[in-house]
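# An overview of the molecular structure
Here is what each chain is made of, one letter per residue.
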Amino acid sequence: MTTRTLPTTMKAIVQTRYGEADVLTSASLPLPAPEPDHVLIRVEAAALNPADVFYVRGVPRMVRLDGGLRRPKSSVRGHDVAGEVVAVGDRVQHWRRGDRVFGEAASGSLAEYATAAADRIARIPASVGAVDAAASAMAALAARDGLDAAGMPAGTDASGMRVLVIGASGGIGSFAVQMAKSAGAHVTGVCSTRNVDTVRALGADAVLDYTREAVTDLPAWFDVIFDNVGAVPMESLHALTTPTGVVLPNSGLDGPDGGALMRVVRTHARRLLLRRRYRGFVSTPSTAKLEAIARLLADGAVTPLIDEVLPLARGSEAMARVASGHARGKVVVTP
Ligand SMILES: NC(=O)c1ccc[n+]([C@@H]2O[C@H](COP(=O)([O-])OP(=O)(O)OC[C@H]3O[C@@H](n4cnc5c(N)ncnc54)[C@H](OP(=O)(O)O)[C@@H]3O)[C@@H](O)[C@H]2O)c1
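Conventions adopted
Residues numbered from 1 in each chain as written. Predicted model: local features only at pLDDT ≥ 70, side-chain atom pairs only at ≥ 80, totals over all residues. Heavy atoms only, no water. Near = heavy atom within 4 Å. Polar contact = N/O pair within 3.5 Å; in protein donor to acceptor, adjacent residues only side chain to side chain. Areas by Shrake-Rupley, 256 points an atom, 1.4 Å probe, with all protein chains shown as cover. Helix = DSSP H or I, 4+ residues; strand = E, 2+ residues; numbered from the N terminus. Nonpolar A, V, L, I, M, F, W, Y, C, P; charged D, E, K, R; others polar. Domains from an automatic or database assignment. Contact = heavy atoms within 4.5 Å. Buried area = accessible area lost by both parts, 1.4 Å probe. Salt bridge = Lys/Arg side-chain N within 4 Å of Asp/Glu carboxyl O. Buried < 20%, exposed > 50% of the residue type's maximum accessible area, 1.4 Å probe, protein only. Patch = residues over 30% accessible without salt bridge, like charges linked within 9 Å, V, L, I, M, F, W, Y side chains within 5 Å. Phe/Tyr/Trp six-rings, centres within 6.5 Å; stacked < 30°, edge-to-face > 60°. Lys NZ or Arg CZ within 6 Å of the ring centre and 35° of its normal. Axes fitted to C-alpha atoms, helices over the stretch in contact; angles between N-to-C directions. Parallel < 35°, antiparallel > 145°, perpendicular 65-115°, else oblique. Left-handed = near helix turned anticlockwise from the far one by under 90°.

## Section: the site of the ligand
Among the 29 residues in the neighbourhood of the ligand, the closest are listed as S169, S192, Y210, S283 and A327. A distance of 2.7 Å separates an oxygen atom of the ligand from a polar atom in the side chain of S169. Across the complex, the protein chains shield 88% of the 940 Å² of accessible surface that the ligand would expose by itself. Among the elements of the structure, α1 (50-57), α4 (138-149), α5 (171-182) and β9 (186-191) are those that each provide at least two residues to the shell around the ligand. Taken together, the residues of the shell around the ligand sort by class into 15 nonpolar, 13 polar and 1 charged. The residues that make up the shell around the ligand include at least three from each of domain 1 (2-137 + 285-334) and domain 2 (139-272).

This is the structure we're talking about:
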């Protein structure tokens, strides 16, 4: 490993047991040591996702299979990271100290330093800030991967297509609205009253306020339904599609179709047995996929919707905001 003079300890937000966001506290930890194919990043920004909440709670229980059965195996949460490479593992070829990168942290990004696999980060364009880069790692990738799975890969001319995005003011939904709109689709976004103007500003042609109208009352004309919430039964969404339209049941939360695992089982079972047009996807980062997101950010084709930027010391509050299920876009933490 190549290093320069680095501190031996760092501030981090840690958890020693599963629970709500208030189990997170500030601590001083040794710097994480990068594995041979990892880099060490001085964190400039970390963004939070529902996946981080799952690991804080240990719920859905399946996250305990790799997160630790009785208590968390690793104490630092946070997947999305942006910052400067300060050390590289012995097998890392592509990255040098001083490179500014974003992507998926291996050691937890709610800290002053985090490690990341060399093939799960990409360079931050010069015109893009660390907050926007961190905010775009998991959520923008999931939006892209979801649209790909729905048959709308990047470069698709989607003019004439109708796309429904449920959770349009959330992390993934806010990117999905922008991506579908820039592909030429007619986009309907679903959110609550306070987010209607925001979702319109993201580019949605129509907005349904779910506190006033039912999603199920929409016309049955959608080519793609990207559901990031899971509050409407999958079968009811399927009824809103055209004869070739597809539904992406993308939610890890409990709802009428059960939790994350049950929704995956139902997606595949109904697809195979009832020939429903459901598509599942699991978004995983790679340098190439993150580079594509970086280009969209640099070109201004997508702009992250930022709910709040909080200092690291308020990491617990940041996690609680995401756990509420009502963040408006991304919650970002800066050391
Ligand atoms: N497949 C994958 O690989 C993958 C990857 C990442 C994440 N995910 C999953 O994707 C889901 C969405 O993630 P996210 O980061 O977008 O979540 P998020 O940012 O936490 O979503 C919050 C948004 O959801 C909206 N919302 C809450 N209830 C709603 C309802 N009934 N109808 C419409 N909107 C509602 C809220 O708007 P209001 O405040 O207006 O209600 C809020 O803006 C999560 O369950 C996550 O587990 C999947």
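So, next bit.
## What to know about the domain arrangement of the protein
In terms of domain boundaries, the protein breaks down into domain 1 (2-137 + 285-334) and domain 2 (139-272). The C-alpha centroid of domain 2 is placed 26 Å from the C-alpha centroid of domain 1. Each side of the interface is counted separately: domain 1 has 23 residues, and domain 2 has 21 residues. Taken over both partners, the interface formed by domain 1 and domain 2 buries close to 1,700 Å², and the fraction arising from carbon and sulfur atoms is 63%. A per-residue breakdown of the area domain 1 buries against domain 2 is headed by V302, L305 and R328, which together make up 28% of the total. Remark: the boundary between domain 1 and domain 2 carries 1 salt bridge.

## Examining the pattern of salt bridges
Going through the model one piece at a time under the given rule, you end up with 16 salt bridges. Linking R100 and E44 is a salt bridge whose minimum nitrogen-to-oxygen distance equals 2.7 Å. With R100 in strand β5 (residues 100-104) and E44 in strand β3 (residues 38-47), this residue pair connects regions lying 56 residues apart in the sequence. Judged by relative accessible area, R100 falls into the partly exposed class, the value being 28%. On the basis of relative accessible area, E44 is assigned to the partly exposed category, the value being 22%. Between R212 and D209 there is a salt bridge, and its shortest N-O distance comes to 3.4 Å. Judged by relative accessible area, R212 falls into the exposed class, the value being 65%. The exposure class of D209 is buried, given its relative accessible area of 7%. Several salt bridges share partner residues, and in doing so they unite E235, D257, R266, R270 and R276 into one network.

## Considerations on a nonpolar patch on the surface
On the surface, a cluster of nonpolar side chains totalling about 620 Å² of accessible area is made up of M62, L65, L69, L261, M262 and V265. Considering every element that reaches the nonpolar patch, the biggest residue donor is helix α8 (residues 260-273), with 3 residues. Relative to the helices and strands, L69 is located in the loop between α2 (64-67) and β4 (80-88). Accessibility expressed as a relative area gives 61% for L69, which makes it exposed.

## What about the packing of aromatic side chains?
Tallied over the full model, the rule gives 1 aromatic pair. The ring of W221 is capped by R162, whose NZ or CZ atom sits 3.6 Å from the centre of that ring.

## Examining the packing of α4 against α5
Running from N to C, α4 and α5 cross one another at 55 degrees; their axes reach a closest spacing of 8 Å. In terms of axis orientation, α4 runs oblique to α5. As for how α4 packs across α5, the hand of that crossing is right-handed. Two secondary-structure elements touch here, α4 through A139, A140, A142, A143, R144 and L147 and α5 through G171, I172, F175, A176, M179 and A180.

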